[in-house]
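Here is how the chains run, residue by residue.
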Amino acid sequence: MPIKIGIPKELTPGERRVAMEPSVVQKLTKLGVEVLIEKGAGASAHVTDADFGDEARLVDGAAALYKESDIVFKVQPPSEDEIEQMKDGAVVIGTMLAHKYPERVAKLRDKKLTSFAMELIPRISRAQAMDVLSSQAAVAGYKAAIMGSDLACRFFPMLTTAAGTIRPSTVLVIGAGVAGLQAVATAKRLGAMVQGYDVRSATKEQVESLGAKFIELSIKAEGEGGYARELTDEEKKQQQDELAEYISKADVLITTAAVPGRPSPKIIPTSTVEKMKPGAVIIDLAAEGGGNCELTQPGETIEHNGVVIHAPLNVPSQVPLHASEMYAKNLFNFVSLMIKEGELAMDWEDEVIAESCLTHEGAIKHEATRNLVEGA
Ligand code: NAD
């Protein structure tokens, strides 16, 4: 009997992605796996049941799918109700957000399911092709630049027309990680004059290689593992003061700054927003962690002194087709590590498998999550 991988329809409101795409069905079939798809699972990403091809088996309803699936692929963390329906011994792989849903982790543990959190995969070179944080951040960065151009009262490119020459917009991107660099690249393609800023020095070359100008400030804050560290209160104040001049001249400001395990750093105080031009736009991609702007209201679009502050949540879901394609390929690359000759075979010595495992055989394997759910 081949292993069965099931893909249910995502139920989280506003979630349009699906954890599978047609080329991945073919690749899994070649590994000796049978792919089960709940009818209509891809509809909100505009992937029809027929698109998944003859190799995929369509299943009527989630209950029937969970009953049969040895492995379940999810985009959003499975709800307690979904976990309840999964069969004994099943493996579930997806984004788990354990800090947000500790009760779901407890349920996974109690049901003795094996669960893997894609966001916990170590960010080492070998695992780049499994990195959902990167693939989905790239989608969000692209979309942020498009949102900025849409909400702006100006063109991004210079336009020379019979009605005169229009100056290009200035787009400033704060936080030049995966999302920020994609926002820089997209705003550049749209013809804007683009500036990038980050507290990590390594980003200077990356921003400049995209043809944008890097804003160099006095503060440097390299942290562990290639990430930024949190700034001290003094550094925060200094950064806000030094950045205010650049922000006041920007037509569109895209902010993506994040520090692992911490709320989004507040980089733009109200006083800086009040220095911006009327009609200027802030796209706060850090809204998920509370936002980089003091005025940000996650999930809302507000206006302050003529400045639009847009703070979208779950941005990758707004580009559902390609975001699903990238996500499904990340899942495939991960699951291939644990399928040998059509059978499930987990190598617990492999750090990619060991570090991303959330629950297994009735225990919470991930230490920080165990402390959160069971107390330190
Ligand atoms: P992230 O989402 O954690 O943060 C976004 C950016 O915000 C980062 O560039 C960070 O330096 C910046 N930032 C934090 N505080 C700031 C502040 N106060 N002011 C300005 N900027 C601030 O980061 P990410 O996009 O997930 O990636 C971070 C790093 O990890 C990058 O160097 C990236 O290349 C690296 N990475 C490595 C791999 C791999 O090797 N497999 C995969 C993905 C990312």
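Keep in mind the model is a prediction, meaning the values are calculated, not measured. (Residues numbered from 1 in each chain as written. Predicted model: local features only at pLDDT ≥ 70, side-chain atom pairs only at ≥ 80, totals over all residues. Heavy atoms only, no water.)

1. Digging into the nonpolar core
Going by this rule: To define a nonpolar core, start from buried Ala, Val, Leu, Ile, Met, Phe, Trp, Tyr and Cys residues and group those joined through side-chain atoms within 4.5 Å. Exposure classes here rest on a 1.4 Å probe applied to the protein chains alone. A residue is buried below 20% of its type maximum, exposed above 50%, and partly exposed in between. Strands are runs of DSSP state E lasting at least two residues, helices are runs of H or I lasting at least four, and both sets are numbered from the N terminus onward. Residue contacts follow a heavy-atom distance rule, with two residues in contact if any of their heavy atoms lie within 4.5 Å.
Of all hydrophobic cores here, the largest spans 40 residues; its most connected members are Leu28, Phe73, Ile93 and Phe334. Those elements that place two or more of their residues in this core are strand S1 (4–7), helix H1 (22–30), strand S2 (34–38), strand S4 (71–73), strand S5 (91–94), helix H10 (320–335) and helix H11 (351–356). Of all the elements, H10 adds the most residues to this core, at six residues. Apart from residues no more than four positions distant in its own chain, Leu28 is found in contact with Ile5, Met20, Val33, Val35, Phe73, Phe332 and Val335. Counting 27 residues, the second-largest nonpolar core is a separate cluster that includes Ala152, Ala183, Val207 and Ala212.

2. Some remarks on the sheet that holds strand S14 (residues 301–304)
Worth spelling out the cut-off: Criterion used throughout: strands pair if DSSP finds at least two bridges between them. Every axis in this analysis is a line fitted to C-alpha atoms, fitted for helices over the stretch in contact. Angles between the N-to-C directions lie between 0 and 180 degrees.
Ordered in space as S11-S10-S9-S12-S13-S15-S14, the seven strands form an open sheet in which the pairing is mixed. Edge positions in the open sheet fall to strand S11 (213–214) and S14, since each of these has one partner strand only. In the sheet, S14 pairs with strand S15 (residues 307–310) via four bridges, with the strands oriented antiparallel. Residue pairing in the sheet places Thr301 in a bridge with His310 of S15. Relative to strand S13 (residues 281–284), helix H5 (residues 132–151) is tilted by about 155°, and along the sheet it contacts strand S12 (252–255), S13 and S15. Against the sheet, helix H6 (residues 178–189) touches strand S9 (170–174), strand S10 (193–197) and S12, its axis set at about 170° to S9.

3. Topic: the site of the ligand
Put simply, the rule is: We define proximity as follows: a residue is near a molecule or strand when any one of its heavy atoms falls within 4 Å of that partner. In the analysis that follows, any N or O atom pair within 3.5 Å is treated as a polar contact, provided that within protein one partner can donate a hydrogen and the other can accept it, and provided that, for residues neighboring in sequence, both atoms belong to side chains. We get accessible surface area from the Shrake-Rupley algorithm with a probe of 1.4 Å; when it comes to residues, only the shown protein chains can shield them. For this classification, the nonpolar set comprises Ala, Val, Leu, Ile, Met, Phe, Trp, Tyr, Cys and Pro, the charged set comprises Asp, Glu, Lys and Arg, and every other residue, Gly included, is treated as polar.
Taken together, 24 residues sit near the ligand, with Arg123, Val178, Asp198, Arg200 and Gln239 positioned nearest. Taking Arg200, its side chain carries an N or O atom lying 2.7 Å from an oxygen atom of the ligand. Ala258 has a polar backbone atom sitting 3.3 Å from an oxygen atom of the ligand. Protein chains shield 83% of the accessible area of the ligand, which is 840 Å² for the free molecule. Counted by class, the shell around the ligand contains 13 nonpolar, seven polar and four charged residues.

4. Considering the packing of H5 against H10
The cut-off we apply is this: For classification, angles of less than 35 degrees are called roughly parallel, those exceeding 145 degrees roughly antiparallel, those between 65 and 115 degrees roughly perpendicular, and all remaining angles oblique.
Between H5 and H10, the least distance of the axes is 9 Å, while the angle of their chain directions is 170°. Classified by the angle between their axes, H5 and H10 sit roughly antiparallel to one another. Residues Val132, Ser135, Gln136 and Val139 of H5 touch H10, and the partners they reach there are Ala323, Met326, Tyr327 and Asn330. The residue inventory of the contact of H5 with H10, partitioned by class, reads five nonpolar, three polar and no charged.

5. Points about the packing of aromatic side chains
How we decide: Aromatic rings from Phe, Tyr and Trp, with only the six-membered ring used for Trp, were paired whenever their centres fell within 6.5 Å, and each pair was classed as stacked if the ring planes differed by under 30 degrees, edge-to-face if by over 60, and tilted otherwise. Charge over a ring is defined by NZ of Lys or CZ of Arg lying within 6 Å of the ring centre and within 35 degrees of the ring normal.
On inspection of all chains with the given rule, the structure shows two aromatic pairs. Between Phe116 and Trp348 the ring centres are 6.1 Å apart and the planes differ by 15°, which places this aromatic pair in the stacked class. In this pair, Phe116 is assigned in strand S6 (residues 114–117) and Trp348 in the loop between strand S17 (343–344) and H11, connecting sequence segments 232 residues apart. An aromatic cluster is built from Phe116, Phe334 and Trp348, whose rings are joined through pairwise contacts. Taking the ring centre of Tyr101 as reference, the NZ or CZ of Arg104 above it sits at 3.8 Å.

6. Observations concerning the packing of H1 against H10
To describe two helices that pack against each other, one gives the angle between their axes and the distance between the axes. Note the following rule: Crossings are sorted by hand: turned counterclockwise from the far helix by less than a right angle, the near helix makes the crossing left-handed, and turned clockwise it makes it right-handed.
Closest axis-to-axis distance for the H1/H10 pair is 9 Å, and the angle between their directions is 15°. As judged from the angle between their axes, H1 and H10 are roughly parallel. Relative to H10, the crossing made by H1 is left-handed. Two secondary-structure elements touch here, H1 through Ser23, Val24, Lys27 and Leu28 and H10 through Ala328, Lys329, Phe332 and Val335.

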